[in-house]
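Spelled out, the chains give:
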Amino acid sequence: MSARTRFAPSPTGFMHIGNLRTAIFEYLVAKHDGGEFLLRIEDTDQNRKVEGAIDFIYNTLDLCNMKIDEGPKTPGEYGPYIQSERINIYKEYAEKLVEMGKAYYCFCAEETLEEMREYCDRKKIPFMYDGRCSHLTKEEIEEKLKNGEKYVIRQKMPKTGVSVVHDVVYGDVRVENQVLEDQILLKSDGYPTYNFANVIDDHLMHITHVIRGNEYLAQTPKYNLLYEAFGWEAPTYIHVPMVLGSDGNKLSKRNGDASFMDLYNEGYLPSAIVNYLVLLGWSPATNEEVYSMDDLIKNFDVNRISKSPATYDIKKLQWFNHKYINMLSDEEYLKFVRPYLTYDVSNKTEEWVNKLLTIYKDHLSYGKEINDLVGIFFNDDINISKENEEFLNSDESIPLVIKTYKEELAKLDDWNTEKIANVISIVKEKTGVKGKLLYMPIRIKISGIEHGPELPDEIYLIGREKVLERLS
Ligand code: GLU
């Protein structure tokens, strides 16, 4: 059977880039093997649920060029794909475990648990449910159920021995069974815990590889005991290292760390984001850095996922994004960048706007940045700094150069970059001035600053009227 993987987010309406990276790894493991990629919505914590979150997840994965083979909107044979619609399934399997003696009803009230916690605090031992309800007799249980007492179902852990789980990235993970708590599988409201639901769902959905954040690694022996109890085969586990922010902390929404949509709205291309994220914690066998989705599918190898945490670096993402922007055709580029331009261009021609945007194609790191780059073409007042003022007075050729530019530019009947470039040559010839003394004075006079795009482009875009006025 080829690989089947699942992305299992909570419907929070927010796609953290660490989450997205997990989804990419999951997608690549499935597709590298010609298999299927599933979406399962883990909404058993109903408080975190956000309207429209499922559309949002589909939309995000779609933008990133990852097709969901099975999921809530594209069901396959193993649905429902939303956990809150699978409540009866969890109940059925939890009760099966009780029958098999691998789980038990626990009627302990919150106060009883509180006492246990206090006891552990006093003894300075980590809190762990003491398993008292596992000793209830059949009659006691029936009586309590009959009286409608609230209960949870807990997994009965072995009290001796060692459990070993193999993880592709981290190797063998061993735990002493005596430290495993009889964890809750089904809560008193009938909802499963993540710890239970993930096992039931992964099995029933025929998941072959579980890829998730390494915060779940320590819990995995418990999951394996559930697989064993049911006599099911456990999936291959691939726990991936965390993504840290530049401050060394785990990336989180609370810290204001970027989500996919934030980046997308700033003008990062999904293909660049994917390319960047996949290299956070995974390294290809070659030095190549730029990968299309097809290349990634071909080359992805789980054995090259690193154990060490990866650091999210916006500068490196910008480097990728810049590369991807450059790979766009001019037409694609204009379509991409145009919506980010916030300056009022209602009195400009389309040709002018396109020319302006195009000259920055080589400079742009992300869409919104265009506004930081093009300011000189929209300012009505220019400011010449003291240093630049001094420069303008620093050589006796400068007034002549400026005067010649003005005369020659005024003569042009066609205002285009070719003609303007020609004027520059004429000024050079007529004045005998070249290099910095030929270019800088006009740049400073017409824009206030000493650098900018190619001079003919700059003159053209500032426009005849303003150029002649500023040269006066
Ligand atoms: N809902 C879990 C999460 O978002 C999924 C973990 C898993 O992939 O098993 O962290």
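So, a few notes on the structure that sits alongside this text. (Residues numbered from 1 in each chain as written. Predicted model: local features only at pLDDT ≥ 70, side-chain atom pairs only at ≥ 80, totals over all residues. Heavy atoms only, no water.)

The computed volume of the largest pocket comes to approximately 1200 Å³. Ser10, Asn19, Arg48, Glu215 and Tyr216 are the residues nearest the centre of the largest pocket, which is lined by 43 residues in total. Within the residue set of the lining of the largest pocket, elements represented by two or more residues are strand S1 (4–7), helix H1 (17–32), helix H2 (53–63) and strand S8 (209–213). With five residues, H1 is the single largest residue contributor to the lining of the largest pocket. (1 Å grid on protein atoms, 1.4 Å probe; cavity = no way out; pocket = protein on both sides within 12 Å on 5 of 7 lines; lining within 4 Å. Points joined across faces, edges and corners; volume = space filled by probe spheres on them. Helix = DSSP H or I, 4+ residues; strand = E, 2+ residues; numbered from the N terminus.)

Here the focus is the packing of helix H13 (residues 350–359) against helix H19 (residues 455–462). Contact geometry for H13 and H19: axes closest at 11 Å, N-to-C directions at 145°. By crossing handedness, the relation of H13 to H19 is classed as left-handed. Across from Glu351, Trp352, Lys355, Leu356 and Ile359 in H13, the residues of H19 making contact are Asp457, Tyr460 and Leu461. Among the residues forming the contact of H13 with H19, the class breakdown is five nonpolar, no polar and three charged. (Axes fitted to C-alpha atoms, helices over the stretch in contact; angles between N-to-C directions. Left-handed = near helix turned anticlockwise from the far one by under 90°. Contact = heavy atoms within 4.5 Å. Nonpolar A, V, L, I, M, F, W, Y, C, P; charged D, E, K, R; others polar.)

Another point: the nonpolar core. With 105 residues, the main nonpolar core has Tyr333, Tyr405 and Leu409 as its most contacted residues. Looking at this core element by element, the count peaks at nine residues for H1. Once residues lying within four places of it in the same chain are set aside, the contact partners of Leu409 are Trp415, Ile420, Val423, Ile442, Ile459, Arg464, Val467, Leu468 and Leu471. Counting residues in hydrophobic clusters, the runner-up holds 31 residues, among them Tyr90, Ile200, Tyr227 and Trp232. (Core = buried A, V, L, I, M, F, W, Y, C linked by side-chain atoms within 4.5 Å. Buried < 20%, exposed > 50% of the residue type's maximum accessible area, 1.4 Å probe, protein only.)

Moving on to the packing of helix H6 (residues 194–204) against helix H7 (residues 220–230). Each pair of packed helices can be summarised by the angle the axes make with each other and by the distance between the axes. In contact at an axis separation of 10 Å, H6 and H7 are set at 50° when each is read in the N-to-C sense. Overall, the two elements H6 and H7 adopt an arrangement that is oblique. Judged by the sense of rotation from one axis to the other, the crossing of H6 with H7 is right-handed. Packed against H6, whose contacting residues are Tyr194, Asn195, Phe196, Asn198, Val199, Ile200, Asp202 and His203, the element H7 presents Tyr223, Leu226, Tyr227 and Phe230 at the interface. The residue makeup of the contact of H6 with H7, split by class, is eight nonpolar, three polar and one charged. (Parallel < 35°, antiparallel > 145°, perpendicular 65-115°, else oblique.)

This brings us to unusual backbone geometry. Keep in mind that most residues, glycine aside, have a negative phi and that most peptide bonds are trans. Looking along the chain, the bond that leaves Gly79 and enters Pro80 is cis, with omega of -5°. Here Pro80 lies in the loop between H2 and helix H3 (87–99). The phi angle at Asn65 is positive, at roughly 70°, despite the residue not being glycine. Along the polypeptide, Asn65 turns up in the loop between H2 and H3. At His206, a position not held by glycine, the phi torsion is positive, near 60°. Mapped onto the fold, His206 is located in the loop between H6 and S8. On the accessibility criterion, His206 (37% relative accessible area) is partly exposed.

Moving on, we come to the site of the ligand. Around the ligand, the structure places Arg6, Ala8, Glu42, Tyr194, Arg212 and Tyr216. Measuring from an oxygen atom of the ligand, one finds a side-chain N or O atom of Tyr194 at 2.4 Å. Tyr216 has a polar side-chain atom sitting 2.7 Å from an oxygen atom of the ligand. Protein coverage of the free-state accessible area of the ligand, which is 300 Å², stands at 82%. Because more than half of its atoms lie within 2 Å of the grid, the ligand is assigned to the largest pocket. For the shell around the ligand, a count of residues per class yields three nonpolar, no polar and three charged. (Near = heavy atom within 4 Å. Polar contact = N/O pair within 3.5 Å; in protein donor to acceptor, adjacent residues only side chain to side chain. Areas by Shrake-Rupley, 256 points an atom, 1.4 Å probe, with all protein chains shown as cover. Sits in = over half its atoms within 2 Å of the grid points.)

Purely spatial values, then, with no claim about function.
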